[in-house]
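A look at the structure
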Amino acid sequence: MKLKKYLYTLVVLCTMGAFTGCSDWLDYTPKDKETEDQTFSSKQGFYTAVNGVYNRIADDVLYGQNLTYGMLDIMGRRYQIPSGLYYTIGSQRFYASLISGFSYSDENFQAVIENVWEETYSTILNINVILDNADQKRGTLLTESDYNLIRGDMLGLRAFLHFDMLRLFGPVYSRNPEQLCIAYNDSRTAQVYEQETARSIIYDHLIPDLDAAEECLAEHDPVITEGPLASTIEDEDNYMRYRQLRMNYYAVILLKARVYLWAGDTANALAEAQRLTDDPQVGAWFPFVDSDRLLGNTVDPDRTFSTECLFGFYDSGRNNIYTSFFDGANLTASALYQPRNGYVSSLYNNTADYRYRSQWTISGSSNSLVKFNEIEVSEEEEENNTYPFYTYFMPLMHLSEAYYIAAECLRTTDIAKARSYMDTIMAARGRQALASDISEADLLTEIKLEYMREMAGEGQVFYMLKRFFQAFSGNYDASQTGSTSASDARYVVPLPESELINR
């Protein structure tokens, strides 16, 4: 498996100028136009540009830290945050309690938020440049299959990025769907775009983009007929492989379910989720983690449950995440402390749970997240690049989420069916089935807790809590700060000052 070497080559190509920042392209100088023309003069140039976009989202500013285990999970109260604990991102270093306390007025926290905003929209502009060039080269440089695969991928990723900006900076949808929030950029033109309502972002932009992405990928994404293809084949185009590292057809379907659920549109959310839960081919391509390979395996356990992931990214420095932020034996002033004493045991409430046993180290009341710990690679595997795919994998979308969405949407109309979806995941995690007489309220609580069990270190818990306007207390608070009420002031991140100045 030569994924590491393959992606390293792409990074080198990007840093050599084949895929420069969007500002370099959008100034429209002759030199920049020449660079753009050169980049998109071959099919490989398109694929290199697309991979450049994915390299950007894997950066620490976005999903390599801030929008997963870092800023977002701190905002979701997933860790203890002692007063002297620092949050470190790049050259910035400030007290993490400012993040957990939602101190959006702090200039250091503001700088991180602004970096997230700017890098996201800069990446979106790059996506739009790729889409524009793909339209121009359709039928000439790009075959119909190449064109649809690139277009579907980029439309899906554009929606993915906009949706997270909506979830972060937009309102709690159930409270104010008509609130003006973010702008949706579907053009390569460098200009100030008008803010739109949360409802408009979803129904006028996100869903149309995702519908178009699905249409492009439905007949051209090899994931449908061949599965994830998580290995390298000599002399074969790698862009057609490693589909879990791309916004593939199935990831687009799950994202649609996410978007509809955010809008409270349970009928459409359920319909999209069931396209994944009820399709046996999806289960065959993305099987539940093998407990025999996971438990009692100290050499190469798949702690991220990668076989079930529909979308994620590749981080060759993943072990640094564990040693720098989570290693209980090496906690520093910049490490993310483990949750409060006894929290993990209380959350999982079942020592047989595969996630409890494989993703945490438990010593008395002390817990450390080992989900991103190093996978041991032999010298031979390193030399030949034959280590497991999941060695450096970071998850962003799990198939299990489709089951949670289906259960949530059905709990008030068909609680037996809702429970059956949850029991599928319970069985796949080594847990007991839910009580046959479970109430709607208790089922909803179980769904919420499952998000926290399933997505530790992935940033999704904050969004889930925001959607429910959930207070931080009990199992919804892994810190030691005590109960904190839900409020718009905490859940709605203010737009960056630079964005407001330009309006």
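You'll find the structure just up there.
What you see is a predicted model; the values in this text were computed from it and never measured. Every residue gets a number counted from 1 within its own chain, in the order that chain's sequence is written. Local features in this predicted model are restricted to residues of pLDDT 70 or higher, and side-chain atom pairs are both shown and tallied only at a pLDDT of 80 or more, whereas totals for entire chains, interfaces and linings draw on every residue. Where side-chain values are given, they derive from all heavy atoms of the structure, hydrogens and water being excluded.

Re empty space enclosed by the protein
Grid points spaced at 1 Å over the protein atoms alone were grouped into cavities, where a 1.4 Å probe fits but cannot get out, and pockets, open sets with protein on both sides within 12 Å along at least five of seven lines, with lining residues defined by an atom within 4 Å of a point. Grid points are joined across faces, edges and corners, and a volume is the space filled by probe spheres set on the points. According to the stated counting rule, one finds two cavities of 30 Å³ or more in the structure shown. Surrounding the largest cavity, Phe163, Arg167, Arg258, Leu261, Trp262, Glu401, Ile405, Tyr451, Gln460, Tyr463, Met464 and Arg467 form its lining. Broken down by secondary-structure element, the contributors of at least two residues to the lining of the largest cavity are helix H8 (144-169), helix H11 (249-262), helix H19 (400-410) and helix H22 (460-468). In this description a helix means any DSSP run of H or I spanning at least four residues, a strand means any run of E spanning at least two, and both kinds are numbered starting from the N terminus. For the lining of the largest cavity, the element with the highest residue contribution is H22, accounting for four residues. Of the residues contributing to the lining of the largest cavity, the split by class is seven nonpolar, one polar and four charged. Each residue is assigned to one class: nonpolar for Ala, Val, Leu, Ile, Met, Phe, Trp, Tyr, Cys and Pro, charged for Asp, Glu, Lys and Arg, and polar for all the others, Gly among them.

Focus on the nonpolar core
Here, the term nonpolar core denotes a set of buried Ala, Val, Leu, Ile, Met, Phe, Trp, Tyr and Cys residues that are joined through side-chain atoms within 4.5 Å. Categorising residues by exposure relies on relative accessible area from a 1.4 Å probe, with only protein chains included: less than 20% of the type maximum marks a residue as buried, more than 50% marks it as exposed, and the intermediate range marks it as partly exposed. Within the largest apolar cluster, 145 residues are counted, with the highest numbers of intra-cluster contacts made by Met71, Met75 and Leu168. The element best represented in this core is H8, accounting for 14 residues. Excluding residues that lie within four positions of it along the chain, Met75 makes contacts with Ile99, Phe102, Tyr104, Phe109, Leu168, Phe462, Phe472 and Val493. By size, the runner-up hydrophobic cluster in this structure holds ten residues, among which are Tyr314, Phe389, Tyr390 and Phe393. Residue contacts are counted whenever heavy atoms from the two residues lie within 4.5 Å of one another.

Quick notes on the packing of helix H20 (residues 415-428) against helix H21 (residues 440-454)
Orientation of H20 relative to H21, taken along the N-to-C sense of each, is 30 degrees, at an axis distance of 11 Å. Put simply, H20 runs roughly parallel to H21. For H20 against H21, the interelement crossing comes out left-handed. Packed against H20, whose contacting residues are Ile415, Ala418, Arg419, Met422, Ile425 and Met426, the element H21 presents Glu440, Leu443, Glu446, Ile447 and Glu450 at the interface. A per-class count over the contact of H20 with H21 returns seven nonpolar, no polar and four charged. In this analysis, axes come from line fits to C-alpha atoms, helices being fitted only over the stretch in contact, and the angle between any two N-to-C directions falls in the range 0 to 180 degrees. Angle categories: roughly parallel below 35 degrees, roughly antiparallel above 145, roughly perpendicular from 65 to 115, and oblique for all the rest. The hand of a helix crossing depends on one turn: near helix anticlockwise from the far one by less than a right angle means left-handed, and clockwise means right-handed.

Notes on the pattern of salt bridges
One speaks of a salt bridge when a side-chain nitrogen belonging to Lys or Arg is within 4 Å of a carboxyl oxygen belonging to Asp or Glu. For the coordinates displayed, the defined rule picks out 28 salt bridges. Its salt-bridge partner being Lys256, residue Glu272 comes within 3.4 Å of it at the nearest N-O pair. Taken together, the residues Glu272 in helix H12 (residues 266-277) and Lys256 in helix H11 connect sequence positions 16 residues apart. For Lys256, a relative accessible area of 3% gives the class buried. Within this structure, Glu308, Asp353, Arg355, Arg429, Arg431, Glu446, Glu450, Arg453 and Glu454 form a network of salt bridges that share partners.

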